Amino acid sequence: MKREAILAGLLVAVACGGGSGARGPTTGAAPEPAGTIDAAVAVEAPVDPHLAARRLYENPGGMWMPQQMTLPGHATAFEQLGVKLDPKTLADPLAAPLGAIVRLRGCSASFVSPDGLVVTNHHCVQRALQLNSTPDRNLVEHGFLARTRAEEPSAGPAERLYVAQAFTDVTAAVTGGLGDIADPVARKDEAERRIKQQLAACEKDRPGIRCNVAGYLRGGLYVLIEEVELRDVRLVYVPARAVGNYGGEVDNWRWPRHTGDFAFFRAYVGPDGKPADHATDNVPYQPRHFLKVSDQGVRPSDFVMIAGFPGRTTRTKTALEVKHDVEWFYPYFIGLAQQQYAIVEAHLKTPGETGIKAGVLKQGVQNRLEKISGVLKGLTSGDLLDRKAALDRRVTEWAAAPGRERHRAAIARLEQLNVEEQRTARADFDRQTAFTESLLLASAIQLTRWAEERERPDAERKAGFQERDRAPAIASNRQLTKQYDATLDRAMLRLALVRALALPPAERTWLAQLLGVRATARIDEALIDRTLDGWYRTSKLADEKLRLELLEKGTRKSLAASRDPFLRAAQRVWKVYKDEERRADARAGESMLVSPIYADAMREVLGGLLAPDANSTLRITYGTVKAFTPTASPFTSGSQILAKDTGKEPFDAPAALLAALRDRSFGPYAGPDGELPVNFLSDLDTTGGNSGSAVLDDRGQLVGLNFDSTIEGVASDVVFDGAIVRKIHVDVRYMLWVMDRIDGADHLIEEMGLRPRLEAP
Ligand code: ARG
Ligand code: GLU
């Protein structure tokens, strides 16, 4: 309120950027009495002429590729928002600040010290906590703090950190002349062969380098991304579960929020500076860039941006594709997820491993279920579908103009392909669900594939089954051992098979083959139950040693001779599996000629300002700190934790934290209102995969971490709506306060170039 009054009263030119503004630098540990600081500073506070523009700003959306930051639209937007930073600074992914952004599997992270300290979300380090827990040291519950580097344990043999070091446009090499290949399967194979060639050349004689060809704009652009793969990742500091996952599933996707969703890893390399497996004489990795951590945080309406690795969005789909998703795919998927949820829920109280693993599964199923339900609700309750249709119409109208016959024909062909695909969508979905939902069956199919591919020269093998894929396959098999539970696995497979019973028999001939009964046999639930009972009783495939041996040495012959029921089932459906794969390949081979043209037309219609759909590659989004309504605060506070806490999970903050909140010993971490900021909202454009992403201010300093979307806006994965979209970030001041005041992680605060100011209990 005060700031608005100032704004109304004064019209002075800005002295400095929006980053610090009305709040003076804080010194000393004594908590400032609320109110006085604002009043004192107000007299000389520089007024920010861009504040009004930022308040009015509505993010048009866009997960921009760094190279797209040179588009003139961004310079205009930055100017309007009063951002001093030149957007071109963000065009080079290898320079500061983007060079500090790193990828974890499924999450985003960033370097925050010259010694390879990495910050990400609490929910992104759960595997590492599980792995390091023992019956009398439950790290998942209590968190972890290494007092010295020697105390930093391995985060696990499968943990990886990827640091990008080169990006090359390989579109011409991948797609050139593909249109001359008449057979769609041959065309798809040729594209795949070229990609494999790129990868092989990129990784040849370069251990520690992992390459990846990413497709953008529905296949209109391919980029070869070269990353250093750091394999020695260690656990450094994780707050307690009751801080890091405060609110748990009750608050998931929801605001107001009070979650300290942050954690620290450290990357290590061999003494020679090269990526190495975990070893005691390894040394901390020295990143080329690391982020400067702000201890000031942000204020309402401040400019913020996020750099990270969003996983998947579908904004360049046609209206017809989206319509099918809304009318069929989302509801169907929700139906399956609800049944899966009921299964895990029913097993939560099962004694022993099953109950524990059901708990882990539940979190994933519930998260997915809520997300998809939110997407469907968002698409069907507002005008998003109309907006989608309107954009699609502009695209087709654009393509209808004279001289654009190629576009027009391609779009017509794409829609034809879509209609064909939709015809078998349900049967395809049910079959794929049946083949993938059981870890044992999926593993049996995967082993069959390895045996077959291993007989071929490496370059000719299917992508995903080459030498370069062996280590990841071994790691995921080890992972499987930890996840597997016979009761839950059987229940999930049973569900998938029973669901498939509802298909017309002609569309599920694979089911009889899978179960090993005659094609004409009557299949019912009792038969499925009897068969699965036998399989789970006699199969040995849960044994990791056996699976790894088959992975390395299995042959088509040895698998064909196996007595294991899952391997036998996999052999029986192998032909269907491959036939269906060919059908999908043919579709992909057709689509690759036409779908890029749709994205191209969409970009034309949008005047060049089209960000490609998310594909787990580095992207930037920018906007402002913003609540749902202009009068609400975009911040939550420590005091609200006191009001919200029930002492019962998930609202059971640690006693020391509650006491410190009651004391109001916030030190320099208090906001201008004297409260401790905990989480804040923005209108940034993110999706799954952006967890752990650095939230940066207009100087490129870290002011928070992204960790969630609000459910109201998740339909933005399909149609972006800046008026509804809100993202939830943990405030850097809360992170620092917890480290400083609660957990005594002083050495890490110092490592990040800041000074601890408070006494931990
Ligand atoms: N909903 C968030 C993201 O998808 C956070 C998930 C982890 N946290 C949780 N309480 N389940 O994707
Ligand atoms: N929670 C999501 C994740 O795990 C990210 C939140 C978002 O930005 O949508 O990746």
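Residues numbered from 1 in each chain as written. Chains lettered and ligands numbered in written order. Predicted model: local features only at pLDDT ≥ 70, side-chain atom pairs only at ≥ 80, totals over all residues. Heavy atoms only, no water.

Draft legend 1. Looking closely at the site of ligand 1. Every residue close to ligand 1 is listed here: His123, Asn245, Gly248, Glu249, Asn252, Trp253, Gln363, Asn367, Phe707 and Asp708. Asn252 is positioned with one of its side-chain polar atoms (N or O) 2.7 Å from a nitrogen atom of ligand 1. Here Asn367 contributes a side-chain N or O atom positioned 2.9 Å from a nitrogen atom of ligand 1. Computed on the free molecule, ligand 1 has an accessible area of 330 Å², of which 89% lies beneath the protein chains in the complex. (Near = heavy atom within 4 Å. Polar contact = N/O pair within 3.5 Å; in protein donor to acceptor, adjacent residues only side chain to side chain. Areas by Shrake-Rupley, 256 points an atom, 1.4 Å probe, with all protein chains shown as cover.)

Draft legend 2. Representation of helix H26 (residues 732-742) within the structure. Among the 11 residues of H26, 11 are classified as buried, and the element is accordingly described as predominantly covered. Looking only at H26, the buried set comprises Val732, Arg733, Tyr734, Met735, Leu736, Trp737, Val738, Met739, Asp740, Arg741 and Ile742. Residue Gly744 follows H26 closely and has a positive phi angle near 60°. (Buried < 20%, exposed > 50% of the residue type's maximum accessible area, 1.4 Å probe, protein only. Helix = DSSP H or I, 4+ residues; strand = E, 2+ residues; numbered from the N terminus.)

Draft legend 3. The arrangement of the state of the cysteines in detail. Evaluated as defined, the whole model comprises two disulfides. Covalently, Cys107 is tied to Cys124 through a disulfide, its sulfur atoms 2.1 Å apart. Disulfide Cys107-Cys124: torsion about the S-S bond near -80°, hence left-handed. You can see Cys107 sitting in strand E2 (residues 107-111) and its partner Cys124 sitting in the loop between strand E3 (117-120) and helix H5 (126-132), a full 17 residues away along the chain. Its relative accessible area of 10% is what places Cys107 among the buried residues. Note on cysteine connectivity: Cys202 is disulfide-linked to Cys211, with sulfurs 2.0 Å apart. Judged by the sign of its S-S torsion, about -65°, the cystine formed by Cys202 and Cys211 is left-handed. Both residues of the pair, Cys202 and Cys211, belong to the buried class. (Disulfide = S-S within 2.5 Å.)

Draft legend 4. Spatial organisation of the pattern of salt bridges. Summed over the entire model, instances satisfying the criterion amount to 64 salt bridges. Here Arg468 and Asp469 are joined by a salt bridge, their closest N and O atoms 3.8 Å apart. Judged by its relative accessible area of 10%, Asp469 falls in the buried class. Arg470 is the partner of Glu552 in a salt bridge, and the nearest nitrogen-oxygen pair spans 3.2 Å. Within this pair, whereas Glu552 is found in helix H21 (residues 544-553), its partner Arg470 is found in helix H17 (residues 470-483), the two being separated by 82 residues in sequence. Overall, Glu552 belongs to the partly exposed group, its relative accessible area being 32%. For Arg470, a relative accessible area of 31% gives the class partly exposed. (Salt bridge = Lys/Arg side-chain N within 4 Å of Asp/Glu carboxyl O.)

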